Amino acid sequence: MNQLQKAIAKAHRNDRTAKILITACGVCMALVPILIGLFLFYRGTDTFTLFHHSLTEFLFSGEWNPGDTAEGGGKVGAAMFITGSLAVCLLSLILTLPFSMAAAIFMTEIATPKARRLLQPAIELFTGIPSVVYGFVGLTVLIPFLKSIFPMPFSFSLLAAGIVLAIMIFPTITTMSADALAAVPKSWREASYGLGATRWETIAHVVIPAAKGGIATGIILGLARAMGEALAVAMVIGQMKVFPKSLFLPASTLTTAISADMGGAMEGGEYNAGLWTMALLLFLLSFAFIFLIHYINDLSTLKGEKK
Amino acid sequence: MALTTTTYGYTKEHSGEARPVSADAAAADSGSLTFEIKHMDLFYGDHHALKDVSMDVRTHEITALIGPSGCGKSTFLKSLNRMNDLVENCRITGDIRFEGKDIFREVDLLALRTRVGMVFQQPTPFPKSIFENVAYGPRLQGISNKGQLSEIVEQSLRQAACWDEMKDRLNQSALGLSGGQQQRLCIARTLAARPSVILMDEPTSALDPISTQKIEDLALELKEKYTIIIVTHNMQQAKRISDKTAFFLLGELIEFDDTVKMFTDPSNPKTEEYITGRFG
Amino acid sequence: MLENYEKAMGELHDRMSVLSMKLEKAMEDTWYALENKDLALADKVYRGDQDINDLVRECMQKDLSISMLHDPVARDWRYLMATMKILSDMERIGDHCADICHYLIRMENRHHNLPLLPGLKEMYGVMSSMVSDVLTFYNNQEKTDVELMKDKDDIVDLAFDNLMEEISKQIAEHPEYARDYMSYVLIVKYVERMADHASNIADCIIYRDTSRIIV
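Residues numbered from 1 in each chain as written. Chains lettered and ligands numbered in written order. Predicted model: local features only at pLDDT ≥ 70, side-chain atom pairs only at ≥ 80, totals over all residues. Heavy atoms only, no water.

### Looking at the overall build of chain A
Right, on to step 1. Regarding its fold elements, chain A presents twelve helices and two strands.
Right, on to step 2. Seen in sequence order, chain A has helices and strands lined up from the N terminus as α-α-α-β-β-α-α-α-α-α-α-α-α-α.
Right, on to step 3. On C-alpha atoms alone, chain A measures out to a radius of gyration of 25 Å, which is more than a quarter above the 19 Å that the 2.2 N^0.38 rule sets for 307 residues.
Right, on to step 4. Oriented by its inertia axes, the alpha-carbon framework of chain A measures out at about 75 × 65 × 40 Å.
Right, on to step 5. Counting over 307 residues, chain A shows a buried share of 42%.
Right, on to step 6. When contacts within chain A are restricted to residue pairs at least 6 apart in sequence, those whose partners lie at least 24 apart make up 69%.
Right, on to step 7. For chain A, the accessible surface area stands at approximately 16,200 Å², while carbon and sulfur atoms represent 71% of it.
Right, on to step 8. A gap of 15 Å separates the mean positions of the 21 positive and 17 negative side-chain charges of chain A. (Helix = DSSP H or I, 4+ residues; strand = E, 2+ residues; numbered from the N terminus. Rg over C-alpha atoms; globule rule 2.2 N^0.38 Å. Buried < 20%, exposed > 50% of the residue type's maximum accessible area, 1.4 Å probe, protein only. Contact = heavy atoms within 4.5 Å. Areas by Shrake-Rupley, 256 points an atom, 1.4 Å probe, with all protein chains shown as cover. Lys, Arg positive; Asp, Glu negative; His and termini not counted. Charge placed at Lys NZ, Arg CZ, Asp CG, Glu CD.)

### Here we look at the pattern of salt bridges
Where side chains of opposite charge bring their charged atoms close, a pairing between them can arise.
Right, on to step 1. Applying the stated criterion across every chain, the model contains 38 salt bridges over all chains.
Right, on to step 2. Notably, a salt bridge pairs Arg105 of chain B with Asp102 of chain B, separated by 3.2 Å at the nearest N-O pair.
Right, on to step 3. On the basis of relative accessibility, which here comes to 3%, the residue Asp102 of chain B falls in the buried class.
Right, on to step 4. Salt-bridge contacts for Asp89 of chain C lead to Lys85 of chain C; the nearest nitrogen and oxygen are separated by 3.8 Å. Of this pair, Asp89 of chain C and Lys85 of chain C both sit in helix α3 (residues 74–108), four residues apart, which is roughly one turn of that helix.
Right, on to step 5. On the basis of relative accessibility, which here comes to 4%, the residue Asp89 of chain C falls in the buried class.
Right, on to step 6. A residue is classified by how much of its surface remains accessible, and Lys85 of chain C, at 43% relative accessible area, is partly exposed. (Salt bridge = Lys/Arg side-chain N within 4 Å of Asp/Glu carboxyl O.)

### Here we look at helix α7 (residues 158–182) of chain A
Three or four residues apart is the spacing at which side chains of an α-helix point the same way, because the helix has 3.6 residues per turn.
Residue and element names in this part refer to chain A.
Right, on to step 1. A rise of 1.5 Å per residue sets the reference length of α7, with its 25 residues, at 36 Å; its end C-alpha atoms lie 35 Å apart and thus fit the reference within 8%.
Right, on to step 2. At Ile169, α7 is deflected by roughly 35 degrees, the largest bend along its length, and proline Pro171 occurs up to four residues later in sequence.
Right, on to step 3. By the criterion of burial, α7 is predominantly enclosed, with 20 of the 25 residues buried. (Expected span 1.5 Å × (residues − 1). Bend = angle between axes of the 7 residues up to and from the residue.)

### So, the interface of chain C and chain B
A common way to state how big an interface is: give the accessible area lost once the parts meet.
Right, on to step 1. Contact residues are listed per partner, giving 13 residues for chain C and eleven residues for chain B.
Right, on to step 2. For the pair chain C and chain B, the number of links is five salt bridges.
Right, on to step 3. Between Arg278 of chain B and Asp76 of chain C there is a salt bridge, with its nearest N and O atoms 2.8 Å apart.
Right, on to step 4. Taken together, chain C and chain B are joined by nine residue pairs in polar contact (both at pLDDT 80 or more).
Right, on to step 5. Elements with a contribution of two residues or more to the side of chain C that touches chain B: α1 (2–36), α3 and α6 (178–210) of chain C.
Right, on to step 6. Ranked by the residues each element gives to the side of chain C that touches chain B, the list is headed by α3 of chain C, at five residues. (Polar contact = N/O pair within 3.5 Å; in protein donor to acceptor, adjacent residues only side chain to side chain.)

### Digging into a nonpolar patch on the surface
Right, on to step 1. Taken together, the side chains of Ile129, Val132, Val133, Val137, Val141 and Leu231 of chain A present a nonpolar region at the surface, about 450 Å² in accessible area.
Right, on to step 2. For Leu231 of chain A, the location among the structural elements is in helix α10 (residues 231–237). (Patch = residues over 30% accessible without salt bridge, like charges linked within 9 Å, V, L, I, M, F, W, Y side chains within 5 Å.)

### Remarks on the domain arrangement of chain A
Residue and element names in this part refer to chain A.
Right, on to step 1. Considered domain by domain, chain A is made up of domain 1 (1–44) and domain 2 (79–306).
Right, on to step 2. On a C-alpha basis, the centroid separation for the pair domain 1 and domain 2 is 36 Å.
Right, on to step 3. Taken together, the contact between domain 1 and domain 2 spans seven residues of the former and eight residues of the latter.
Right, on to step 4. Roughly 700 Å² of surface becomes buried between domain 1 and domain 2 when both sides are summed, with 73% attributable to carbon and sulfur atoms.
Right, on to step 5. The largest share of the area that domain 1 buries against domain 2 comes from Leu40, Arg43 and Gly44, three residues that together contribute 71% of it.
Right, on to step 6. Where domain 1 packs against domain 2, one counts zero salt bridges.
Right, on to step 7. A class-by-class count of the residues in the side of domain 1 that touches domain 2 yields four nonpolar, two polar and one charged. (Domains from an automatic or database assignment. Buried area = accessible area lost by both parts, 1.4 Å probe. Nonpolar A, V, L, I, M, F, W, Y, C, P; charged D, E, K, R; others polar.)

### Quick look at empty space enclosed by the protein
Right, on to step 1. Per the counting criterion, the structure on display carries four cavities of 30 Å³ or more.
Right, on to step 2. In this model, the largest cavity occupies a volume close to 50 Å³.
Right, on to step 3. Contributing to the lining of the largest cavity are Ala191, Gly194 and Leu195 of chain A together with Met118, Val119, Phe120, Thr124, Cys186, Arg189 and Thr190 of chain B.
Right, on to step 4. Within the residue set of the lining of the largest cavity, elements represented by two or more residues are α8 (186–194) of chain A together with β8 (116–119) and α6 (179–192) of chain B.
Right, on to step 5. In terms of residues, the lining of the largest cavity owes the most to one element, α6 of chain B, which gives three residues. (1 Å grid on protein atoms, 1.4 Å probe; cavity = no way out; pocket = protein on both sides within 12 Å on 5 of 7 lines; lining within 4 Å. Points joined across faces, edges and corners; volume = space filled by probe spheres on them.)

### As for the layout of surface pockets
Right, on to step 1. Here the largest pocket is characterised by a volume of approximately 860 Å³.
Right, on to step 2. Taken together, 30 residues make up the lining of the largest pocket; nearest its centre are Thr108, Glu109, Lys186 and Arg189 of chain A together with Leu86 of chain B.
Right, on to step 3. Sorting the residues of the lining of the largest pocket by element identifies α4 (79–110), α5 (113–126), α7 and α8 of chain A together with α2 (109–115) of chain B as the ones contributing at least two each.
Right, on to step 4. Here the residues of the lining of the largest pocket sort into 15 nonpolar, five polar and ten charged.

### Digging into a negative patch on the surface
All names here are of chain C.
Right, on to step 1. Together, Asp145, Glu147, Asp151 and Asp154 give the surface a local cluster of negative charge.
Right, on to step 2. For Asp151, the location among the structural elements is in helix α5 (residues 146–173).
Right, on to step 3. The class of Asp151 is partly exposed, set by a relative accessible area of 43%.

Here it is in structure tokens:
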């Protein structure tokens, strides 16, 4: 009995120790984004508190001319960058979505298991390619190619950025959609066939609606990645501080603006503060995306459904 | 409250609900043959899963397929509505005729699956509302008028003896129902497609005894208008509800006869060994 | 579960064998008592019927519970159903042996010392062989010889008619022994009934073996 008691006491001790260690790690890691957030808040609100610009001006004004000094007095309207980010994300989504969905459906519904085993790692390989490589290839291959077809006065363009981003987020959306489609139970497909449906009717009316939660998640993850991409976009978008007026003209995004000017702006100056506020905005946007994902997942389960 | 005497002689109370006649029930009357299967063989790759099976299925009868696990009874059932087409490397030879026509050469695949419906072992309601589940088949057939669909949904749910339970939650998810209710919903869904045959692959093996009994009662009612073929590993169930029983063993059809005859005095000694529990 | 079932069926079969043996012994003893006017033996048979009834009840219980608990089909089902009916015929045969002995004792207590009826020995012999045969067919699963059983039944019926004739003649000649001869009538009737029951048992065995129902 004594041996048993000792063993039990030791087991309880180990259990407690493990719990403490794991909790500590978890808490520390959870603290990191919180701390980052707090830091961004601290620096990012300088524009409003120190330099007395309004939120409306920041979000909606197209005048970007912050003073690079500690006195300020310039204009901090980030609307052109916000629009640029949104435009390039939307463009990449529109370009990639048809291909993503087609690839996902092909992989899960049509391809033979052998083909799937080749295709899946090939797509996943995409995600391993560094952004700088994308940017580089975009710069050296895509831009001349586009220039030869479309009128591109400045070589760099919104379109080029959209295409590069589309390729970058393609694997994310495809693999998540493919997983969601594959997770639809085979029994639902069989039931659909048993009622006299063709393969496409089954895909359209049963499989895709059943997978729409996962597909939506994939799209939003892709969007989040697009929103946050700096390097590849910077290399092909031209970084002109203007509103995105045409597909064939250069523009700027929040990320390119921050990456381009952060190094040069004076510490503590208005310009610097403006950039920090843009960083804060990006941070808040990612939060928004995550909540959006949860919301859509909840929406996609009908009333009364057991999750 | 109307009292009716059921097949076993005990009385059951009906609420006033009517059980409407299915307008498009099988044109053939009892005594004719719904399925004629002659010398059918089935191969999964090199594996000879069904060997020289021949059987006639009469209209408006319940035919039970029994046999130990792996004997081929489910495989045989799935061949009748060509669900085996979905399996890779599946090859079928021989003659399978539905209402006189060869199901591989003379009947359109979609039409076959509409006329020959199937209920599976695990209840499989779609992640849609109850209404949309039942309306799925009719929508495939081109019916989109809301009024028509409502009528068909109500009729099918009544025939499946679950209208009262579900009429107030037609727009709620079907996944919120209990197992027995889900299975009856699946039966309603199959009925909505206006079949003349219902194939049931061990429909009650995942259900509790009360739900099982409800579905058996349902099968007995449905056989007046439909032809039913049911795979079951429960011999008592085969005895309770079927008119004819087929015994499969290792891919062969060993014996096929009236249920009473088979269970009182089977012709084949292997049948007797199986049904008296001496193996399997 | 199957083991339980096989065991229960085995037990039933064993008890039926014992019952068969007891029945045949009762029949032998009855004849011996009748032929030799052995009243002590007759009394033994009369009281021994209680044993036979107990055994019949036991077998019926076993049969019923196997049927309920184990869902028998085919050959097993036919065996159990046939056995139930055979048990009730066997119980009647036992009863009739006791009845014969009972009337024998009453008759002998009047001390008229009547001779044995001519033809009764042969009649009893045929009936007795019918019962033996049928019990053998039942217990040993041998094929039932239907024709033979029918022929023997006809012989018994014929003997019955002859003996009735003989008895009425005797009553006319010796009216003072009328009471005794009326007991004899009953005894002869019981022998004929026992043959009938044997015939019924044969029909049940035919159901067990071929699922044909003969009434």
